[in-house]
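Below, each chain spelled out in residue letters.
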Amino acid sequence: MNQPASAYFMEERHDPNETHTLSVLVANEPGVLARVIGLFSGRGYNIESLTVSETESLKHVSRITIVTTGTPMVIQQIKHQLDRMIPVYQVVDMTLTGRSIERELGMVKVKGAGDQRIEAMRLAEVFRARVVDATNESFVFEITGSTSKINQFIDLMRPLGLVEVSRTGVAAIGRGPDGM
Amino acid sequence: MSDDKSHDPNQMTGAAMIVRALADHGVKHIFGYPGGAVLPIYDEIFQQSEVEHILVRHEQGAGHAAEGYARSTGKPGVVLVTSGPGATNMVTPLTDALMDSIPLVCITGQVPTHLIGNDAFQECDTVGITRPCTKHNWLVRDVNDLAKVLHEAFYVATTGRPGPVVVDVPKDVQFATGTYHPPRKTDVHVSYKPRVKGDAAQIRKAVALMAAAKRPVIYTGGGVINSGNEASKLLRELVEVTGFPITSTLMGLGAYPASGKNWLGMLGMHGTYEANMAMHDCDVMLCIGARFDDRITGRTDAFSPGSKKIHIDIDPSSINKNIRVDVPIIGDAGNIIGDLLHVFKAEAKKPKIDPWWFEIGRWRARNSLAYKKNNDVILPQFAIQRLFEATRGHDTYITTEVGQHQMWAAQFFGFEEPHRWMTSGGLGTMGYGLPAALGVQVAHRDSLVIDIAGDASVQMTMQEMSCAVQHELPIKIFILNNQYMGMVRQWQQLLHGNRLSHSYTEAMPDFVKLAEAYGAVGLQALKPDDLDGALQEMIKVKKPVLFDCRVAALENCFPMIPSGKAHNEMLLPAEANDDATAAAFAGGKALV
Ligand SMILES: Cc1ncc(C[n+]2csc(CCOP(=O)(O)OP(=O)(O)O)c2C)c(N)n1
Ligand SMILES: [Mg+2]
């Protein structure tokens, strides 16, 4: 085994990456989001998507939904590292429960005329996207769904005059009667 | 309306609350350095006598002193520093304490609330800067939150996996008057729930593995020390009851006595041959309060390939971080060792492992710590051995700096009890040992406190000699002076073609004169024959001492697991000739 001269063992493992969606319940206090983001940047974890909002204002609880990728060992680390933060109540791996709904909202601006405009409208209907703003030469569509559905819609809009996109990131919740 | 309030003894300023909270948490000593943003607190300190303040010469010194204090007592170390540079100077000790799980409570002053974010004089984003190097931190904006936050800070620092916390208090909050309350249960974050008790089913599984083991080994770390004296006691009993061999990390030395018959010595990069071979060849590994760090495992894909691994740790994030384990048990080390013992005694018998001990005996016979005697120059290993002999029968505490001397101290000084060994393990902070010794001496006024130092490291926090003299703390700084950053030089010899780039310390100070300049005592040993007499002198003097022990300049630290190698590929001193070393360091350039 040859590695460059170093005080560290430098061979990395190459287990395949997985994508997981984590729901994290936190105390809504100053700096809590910075802590969570700092954990990811400090330890070199990936953030594919992150959303946060207060969900129980009386108890000052916020819910952070994080989509991340990593090897199974790294995903486990991420969950443990999150869980041991003082303001974190609970971490649930929505991907492992296999019973979660994941939704994202995107707003997609398309500019065009004539056939392109008609085609954009037609596709929007197929995707159940709503028009939330319109001018003579443009639309803003609002679309909700899974990340891949929104990706697909954006790809279809590209040749039809896509101008810009704004997305919320993924929010997730478990199916059935019980909460986290 | 303020009429009744003015008679309420719990009405006080933020500054007074801080001192009051310290007293309520049984704090007898704090380490600190004043400045504009903490003057109200210093004013309160001046007017009371419950809490003694130790004035350091640099905030980093306060942090390491508090670490030494904490590690030698099991109580939290407390630091008080000003805003801006005072806080940034604390970053190194906070990180050090986080890596080694040392409970610290650091109170920092902050500019007044209305100036935060204004680039005010001596403002810095203390909670932002210290977020990644604390277990938790708080900025207190309202004096009525201060008591709760202070109590919570002590709780978080000392429970679960211990660690450093920072409470940042703006100056206006220190001046403001509010309501104080003594510590109470509801002061704690509802989301913080450290686990103490281990899962019973997992403990049964562990006992079943242990009872069937043919080649077991116990590998312990700093977690056993942190768990308290009871954990070390139970560990000794567990070793007795099972008959298992035991090794430990650098941080865990002293939990099991070095004179114990099952002791294999320290493991890891500079651990003994028998400890590392036992780790490699074992069939059951019981890891308690250690974290499979990269100095321990060597190459992870060849780490102890044939063993079932039981891992006891209070921090779930330590489990399966580097090495996949078979039976994880989350909880407090002492608590779980107690449960293991209980179940083992009830359900298992001491397994017959004579052949395993026979094999270990063969590894021991390689004598991996051997070194060639020398009558002309003091060898560093010899110096530590003589120091160990000289301190026998004394109530001794050892701290170290970082480098070769640290490894030789770990190899050659025998620790019989926990809390006697303070070293910077995770962060490897040069400059740790001298201020840490100060902190230890503050907690143990009549004990013999020795910093085993390197000539380069000790210059990083040398200014604290002035603190030692002021507070009459008779610490002994035993410098293994090889005129080199020895550990850097060793790596340059082994890995960088002997190009000794900036690892030689030119213009070395005259340590004896330096000691005298501080008002301390300077001693020197140049030859092996000088050593014992000078050591006696050092122990006898009731003042701080700088001991300049001139040792062989080019001695290297062995045995050693070269990087990228497995435990069974150790380089032993007898074999560490140029060719073998070159071969062992595949990828390294030609050697001396
Ligand atoms: C603050 C800090 N800077 C740099 C290093 C890297 N380093 C590790 S050991 C060492 C040399 C230590 O020299 P000395 O204190 O003389 O000890 P010796 O190895 O010679 O015993 C250095 C520079 C470190 N550990 N800490
Ligand atoms: Mg040196």
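Here, every reference points to the structure presented above.
Summary of the structure given here. (Residues numbered from 1 in each chain as written. Chains lettered and ligands numbered in written order. Predicted model: local features only at pLDDT ≥ 70, side-chain atom pairs only at ≥ 80, totals over all residues. Heavy atoms only, no water.)

1. Some points on the overall build of chain B
Part 1: If you tally the helices and strands in chain B, you get 24 helices and 20 strands.
Part 2: By the compact-globule yardstick of 25 Å for 592 residues, chain B fits well, its C-alpha radius of gyration being 25 Å.
Part 3: The dimensions of chain B, computed from C-alpha atoms along their principal axes, are 80 × 60 × 45 Å.
Part 4: Taking the contacts inside chain B whose residues are at least 6 apart along the sequence as the reference set, 75% of them involve residues at least 24 apart.
Part 5: Surface exposure of chain B reaches about 22,300 Å², of which carbon and sulfur atoms provide 52%.
Part 6: Averaging the coordinates of the 55 positive side-chain charges in chain B and doing the same for the 63 negative ones gives two points 7 Å apart. (Helix = DSSP H or I, 4+ residues; strand = E, 2+ residues; numbered from the N terminus. Rg over C-alpha atoms; globule rule 2.2 N^0.38 Å. Contact = heavy atoms within 4.5 Å. Areas by Shrake-Rupley, 256 points an atom, 1.4 Å probe, with all protein chains shown as cover. Lys, Arg positive; Asp, Glu negative; His and termini not counted. Charge placed at Lys NZ, Arg CZ, Asp CG, Glu CD.)

2. Details of the coordination of the magnesium ion (ligand 2)
Residue and element names in this part refer to chain B.
Part 1: Here the magnesium ion (ligand 2) is held by Asp455 (OD), Asn482 (OD1) and Tyr484 (O), and the distances to it run 2.1 to 2.3 Å.
Part 2: In primary-sequence terms, the residues that donate to the magnesium ion (ligand 2) follow D-x26-N-x1-Y. Pair noted here: aspartate 455 is in the loop between strand 17 (448-454) and helix 20 (464-470) and tyrosine 484 is in the loop between strand 18 (476-481) and helix 21 (486-495), with a separation of 29 residues, a long-range link. (Donors = N, O, S within 2.8 Å, 3.2 Å for Na, K, Ca; no water.)

3. Describing the side chain of threonine 159 of chain B
All names here are of chain B.
Part 1: Note that threonine 159 resides in the loop between helix 8 (143-158) and strand 7 (164-170).
Part 2: Judged by relative accessible area, threonine 159 falls into the buried class, the value being 17%.
Part 3: Excluding anything up to four places from it in sequence, threonine 159 contacts Lys135, Tyr192 and Pro194. (Buried < 20%, exposed > 50% of the residue type's maximum accessible area, 1.4 Å probe, protein only.)

4. Description of the pairing of strand 9 (residues 216-220) of chain B
Residues and elements named next belong to chain B.
Part 1: Among the five residues that make up strand 9, five are buried, leaving the element largely enclosed by the rest of the structure.
Part 2: Of the two faces of strand 9, the one holding Pro216, Ile218 and Thr220 and the one holding Val217 and Tyr219 are both buried throughout.
Part 3: Sheet topology note: the strand 9/strand 12 (residues 284-288) ladder contains five bridges and is parallel. Across the sheet, valine 217 pairs through a bridge with methionine 285, a residue of strand 12. (Pairing = 2+ DSSP bridges.)

5. A look at the sheet that holds strand 3 (residues 61-70) of chain A
All names here are of chain A.
Part 1: The strand order 2-3-1-4 describes an open sheet built from four strands, whose pairing is antiparallel. Of all strands in the sheet, those with a lone pairing partner are strand 2 (49-56) and strand 4 (88-93), marking the two edges. Adjacent strand axes in the sheet meet at a mean angle of 20°, parallel and antiparallel pairs treated alike.
Part 2: Bridge analysis of strand 1 (residues 18-27) against strand 3 gives 10 bridges, and the strand direction is antiparallel. Its bridge partner being in strand 3, valine 24 is matched across the sheet by isoleucine 64.
Part 3: Across the sheet, helix 1 (residues 32-42) touches strand 1, strand 2 and strand 3, and the angle it forms with strand 3 is around 10°.
Part 4: The strands touched by helix 2 (residues 72-83) are strand 1, strand 3 and strand 4; relative to strand 4, the strand with the most contacts, the crossing angle is about 160°. (Axes fitted to C-alpha atoms, helices over the stretch in contact; angles between N-to-C directions.)

6. Description of unusual backbone geometry
Part 1: A cis amide bond links phenylalanine 558 of chain B to the next residue, proline 559 of chain B, at an omega of -5°.
Part 2: Here proline 559 of chain B is to be found in the loop between strand 20 (545-550) and helix 24 (578-584).
Part 3: A positive phi angle, near 55°, is found at histidine 60 of chain A, a position not held by glycine.
Part 4: Its place among the elements puts histidine 60 of chain A in the loop between strand 2 and strand 3.

7. What to know about the pairing of strand 3 (residues 52-55) of chain B
Part 1: For strand 2 (residues 29-32) of chain B and strand 3 of chain B, the ladder comprises four bridges, and the chain directions are parallel. Counterpart to isoleucine 30 of chain B in the pairing with strand 3 of chain B is histidine 53 of chain B.

8. Digging into the pattern of salt bridges
Part 1: Counted by the stated rule, this structure contains 26 salt bridges over all chains.
Part 2: Its salt-bridge partner being lysine 197 of chain B, residue aspartate 339 of chain B comes within 2.8 Å of it at the nearest N-O pair. Taken together, the residues span a long stretch of sequence, with aspartate 339 of chain B in helix 15 (residues 333-347) and lysine 197 of chain B in the loop between strand 8 (177-179) and helix 10 (200-211) at a distance of 142 residues.
Part 3: One salt-bridge network, in which partners are shared between bridges, spans Arg84 of chain A together with Arg161 and Asp315 of chain B. (Salt bridge = Lys/Arg side-chain N within 4 Å of Asp/Glu carboxyl O.)

9. Here we look at the packing of aromatic side chains
Part 1: The final tally for this structure, using the stated rule, is 16 aromatic pairs over all chains.
Part 2: Geometrically, the ring pair formed by phenylalanine 31 of chain B and tyrosine 69 of chain B is edge-to-face, given 5.7 Å between the ring centres and 70° between the ring planes. Pair noted here: phenylalanine 31 of chain B is in strand 2 and tyrosine 69 of chain B is in helix 4 (residues 59-73), with a separation of 38 residues, a long-range link.
Part 3: Overall, the relative accessible area of 6% leaves tyrosine 69 of chain B in the buried class.
Part 4: Taken together, the ring pairs connect Phe127, Phe139, Phe141 and Phe153 of chain A into an aromatic cluster.
Part 5: Seen from the ring of phenylalanine 139 of chain A, arginine 117 of chain A lies directly overhead, with NZ or CZ sitting 4.3 Å from the centre.
Part 6: Over the face of the ring belonging to tyrosine 397 of chain B we find arginine 420 of chain B, whose NZ or CZ atom lies 4.1 Å from the ring centre. (Phe/Tyr/Trp six-rings, centres within 6.5 Å; stacked < 30°, edge-to-face > 60°. Lys NZ or Arg CZ within 6 Å of the ring centre and 35° of its normal.)

10. Notes on helix 3 (residues 39-46) of chain B
Part 1: If you check which residues of helix 3 of chain B are buried, you get Pro40, Ile41, Tyr42 and Ile45 of chain B.
Part 2: Close packing links the buried residues of helix 3 of chain B with helix 2 (14-24), strand 2, strand 3, strand 4 (77-81), strand 5 (104-110) and helix 9 (171-175) of chain B.

11. Brief notes about the sheet that holds strand 16 (residues 421-422) of chain B
Residues and elements named next belong to chain B.
Part 1: Spatial ordering of the open sheet is given by 16-15-17-18-20-19, a layout of six strands whose pairing is parallel. The sheet is open, and its two borders are formed by strand 16 and strand 19 (521-525), each paired with just one other strand.
Part 2: As paired strands, strand 18 and strand 20 are joined by six bridges and run parallel to one another. Following the sheet pairing, leucine 480 is matched in strand 20 by cysteine 549.

It is worth stressing that arrangement in space is one thing and function is another; only the former is reported here.
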